[in-house]
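A closer look at the structure
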Amino acid sequence: MSVALGLLVGVVDVAQFLPHARRTIDKRHDVRAMSGLSVWTWTIATAQGLAWIVYGAANGLLPILLPNLVITPVCAAILTMRLAAGAKGADDPD
């Protein structure tokens, strides 16, 4: 029961990031929209995901490991797109 619950929570955990990831991908060329994303938040989310991957792998906890193997690259991609948009925005005289 607890493994099934853990996997269900993992699916929900992944699902919570998908709408934001999709919107970020859709708006990645909109410097104004991207400036609303916090670099610190996505840096912390990426680091947290990496920590959960290490923890889940070290302890053989698939319900922790598997969702974070999906979430962490998504967080890193959002962070990368935000940083790229910030670099583009720095060039604009606006």
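Here the structure is a predicted model, which is why all the values come from computation and not from measurement.

Each value, and the rule that gives it
Residues numbered from 1 in each chain as written. Predicted model: local features only at pLDDT ≥ 70, side-chain atom pairs only at ≥ 80, totals over all residues. Heavy atoms only, no water. Patch = residues over 30% accessible without salt bridge, like charges linked within 9 Å, V, L, I, M, F, W, Y side chains within 5 Å. Areas by Shrake-Rupley, 256 points an atom, 1.4 Å probe, with all protein chains shown as cover. Salt bridge = Lys/Arg side-chain N within 4 Å of Asp/Glu carboxyl O. Helix = DSSP H or I, 4+ residues; strand = E, 2+ residues; numbered from the N terminus. Buried < 20%, exposed > 50% of the residue type's maximum accessible area, 1.4 Å probe, protein only. Core = buried A, V, L, I, M, F, W, Y, C linked by side-chain atoms within 4.5 Å. Contact = heavy atoms within 4.5 Å.

Here we look at a nonpolar patch on the surface
On the surface, V3, L7, L62, L66 and L69 cluster together into a nonpolar patch covering about 430 Å² of accessible area. At the level of elements, helix 1 (2-26) and helix 4 (62-91) are the ones that each hand at least two residues to the nonpolar patch. The element that contributes the greatest number of residues to the nonpolar patch is helix 4, accounting for three residues. Overall, L62 belongs to the partly exposed group, its relative accessible area being 47%.

Observations regarding the nonpolar core
If you look at the biggest cluster of nonpolar residues, it comprises 14 residues, and the most contacted ones within it are F17, W42, C75 and I78. Breaking this core down by element, the ones donating at least two residues are helix 1, helix 3 (39-58) and helix 4. If one sorts the elements of this core by residue count, helix 4 sits on top with seven residues. The residues contacting F17, other than those within four sequence positions of it, are W42, I71, V74 and C75.

Considerations on the pattern of salt bridges
Applying the stated criterion across every chain, the model contains one salt bridge. Here D26 ties to R22 by a salt bridge, and the two come within 3.9 Å at their closest N and O atoms. Linking D26 with R22, this pair stays in helix 1, spanning four residues, or about one helical turn. Look at D26 and you get exposed, because its relative accessible area is 55%. Among the residues examined, R22 registers a relative accessible area of 60% and is labelled exposed.

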